[in-house]
Amino acid sequence: MDKLDQTDKTILRILQTDSKKTAKEIASMLNLTPSPVYERIRRLENQGFIKKYVAILDKKRIERSVTAICQVSMRYHDETFIDEFEEQIQDLKEVQECYHMAGQVDFILKIHVKSLEEYHEFVRYKLSKIRNIGVLNSTFVIKEIKHSSEYYI
């Protein structure tokens, strides 16, 4: 895989800020012609630097304003149980992010729901149905200070 040069990094920064920018607009910002910028973007896509383009939604407008951070500790750390958890968590639409951790907890989940009641139902009827969960520790966001989907490059 090729290394990124400064122009590639600038293009990636621009696209992270606004993925709807066209090659022509980016070229104008960089004082380049559109064709090489278009080719660079395609190369960055083909090499996997750009995974996909998404719309970032306003969680309040879509009624998902309650954010819970859930720490999950497993009873047993057998490979089968870990694989089963990782597979089943994929089906839980409320879980936006899941990280397998080193340290005191095994997994950290970022969960978005409409209300505390909905979170209670999620834990009771969905999350707790996954075998081998020993301890669930939930904390709730009271104010979001910083949220970014951009990587520093």
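Residues numbered from 1 in each chain as written. Predicted model: local features only at pLDDT ≥ 70, side-chain atom pairs only at ≥ 80, totals over all residues. Heavy atoms only, no water.

This paragraph deals with the nonpolar core. Counting 20 residues, the largest nonpolar core has Phe85, Leu109, Ile111 and Leu127 as the members making the most contacts within it. Elements supplying a minimum of two residues to this core: β1 (66-74), α4 (79-89), β3 (107-113) and α5 (116-125). Top contributing element to this core by residue count: β1, with five residues. In this view, leucine 127 contacts Cys70, Ile89, Leu92, Leu109, Phe122, Ile133 and Leu136; residues no more than four positions away in its chain are not counted. Core analysis: the next-biggest nonpolar cluster, separate from the first, contains 11 residues, Leu12, Ala23, Ile26 and Ile50 among them. (Core = buried A, V, L, I, M, F, W, Y, C linked by side-chain atoms within 4.5 Å. Buried < 20%, exposed > 50% of the residue type's maximum accessible area, 1.4 Å probe, protein only. Helix = DSSP H or I, 4+ residues; strand = E, 2+ residues; numbered from the N terminus. Contact = heavy atoms within 4.5 Å.)

What follows covers the environment of serine 138. In this structure, serine 138 sits in strand β4 (residues 133-140). Its relative accessible area of 27% is what places serine 138 among the partly exposed residues. Residues serine 138 and lysine 126, spaced 12 residues apart in sequence, show a C-alpha to C-alpha distance of 15 Å. The residues contacting serine 138, other than those within four sequence positions of it, are Ile69, Cys70 and Tyr119.

Tallied over the full model, the rule gives 11 salt bridges. The residue glutamate 63 makes a salt bridge to lysine 114 at a minimum N-O spacing of 3.6 Å. Of this pair, glutamate 63 sits in the loop between α3 (34-46) and β1 while lysine 114 sits in the loop between β3 and α5, and the two are 51 residues apart along the sequence. Assessed through its relative accessible area of 44%, glutamate 63 is described here as partly exposed. (Salt bridge = Lys/Arg side-chain N within 4 Å of Asp/Glu carboxyl O.)

Okay, the UniProt feature "domain: HTH asnC-type" (unreviewed entry) in the protein chain next. Mapped onto the present numbering, the UniProt feature "domain: HTH asnC-type" (unreviewed entry) falls on residues 4-65. In residues 4-65, the share of helix is 53% and the share of strand is 0%. The end C-alpha atoms are 37 Å apart. (UniProt positions renumbered as here; feature names shortened; annotations may be inferred.)

Next up on the list: the side chain of lysine 110. Relative to the helices and strands, lysine 110 is located in strand β3. On the basis of relative accessible area, lysine 110 is assigned to the buried category, the value being 16%. If near-sequence neighbours (up to four positions away) are discounted, lysine 110 is found in contact with Thr67, Ala68, Ile69, Glu94, Val95, Gln96, Glu97 and His147.

Let's shift gears to the packing of aromatic side chains. Using the criterion set out here, one finds four aromatic pairs in the structure. Ring centres of tyrosine 119 and phenylalanine 122 lie 6.2 Å apart, and the angle between their planes is 40°; on these two criteria the pair is classed as tilted. Of this pair, tyrosine 119 and phenylalanine 122 both sit in helix α5, separated by three residues, roughly a single helical turn. The pair tyrosine 119 / phenylalanine 122 is uniform in exposure class, with both members buried. Relative accessible area serves as the criterion here: at 5%, tyrosine 119 is assigned to the buried category. An aromatic cluster is built from Tyr119, Phe122 and Phe140, whose rings are joined through pairwise contacts. (Phe/Tyr/Trp six-rings, centres within 6.5 Å; stacked < 30°, edge-to-face > 60°.)

Listing the buried residues of α4 in full gives Ile82, Glu84, Phe85 and Ile89. Along α4, the residues classed as buried sweep out an arc of 160° about the axis, all on the same side. Structural note: α4 exposes Glu79, Thr80 and Glu87 on the side pointing more than 90 degrees away from its buried face. Looking at the buried positions of α4, the neighbouring elements they touch are β1, β2 (95-100), β3 and β4. Capping the start of α4 is the job of one residue whose side-chain oxygen sits 2.9 Å from the backbone nitrogen of threonine 80: aspartate 78. (Arc of directions from axis to C-beta. Polar contact = N/O pair within 3.5 Å; in protein donor to acceptor, adjacent residues only side chain to side chain.)

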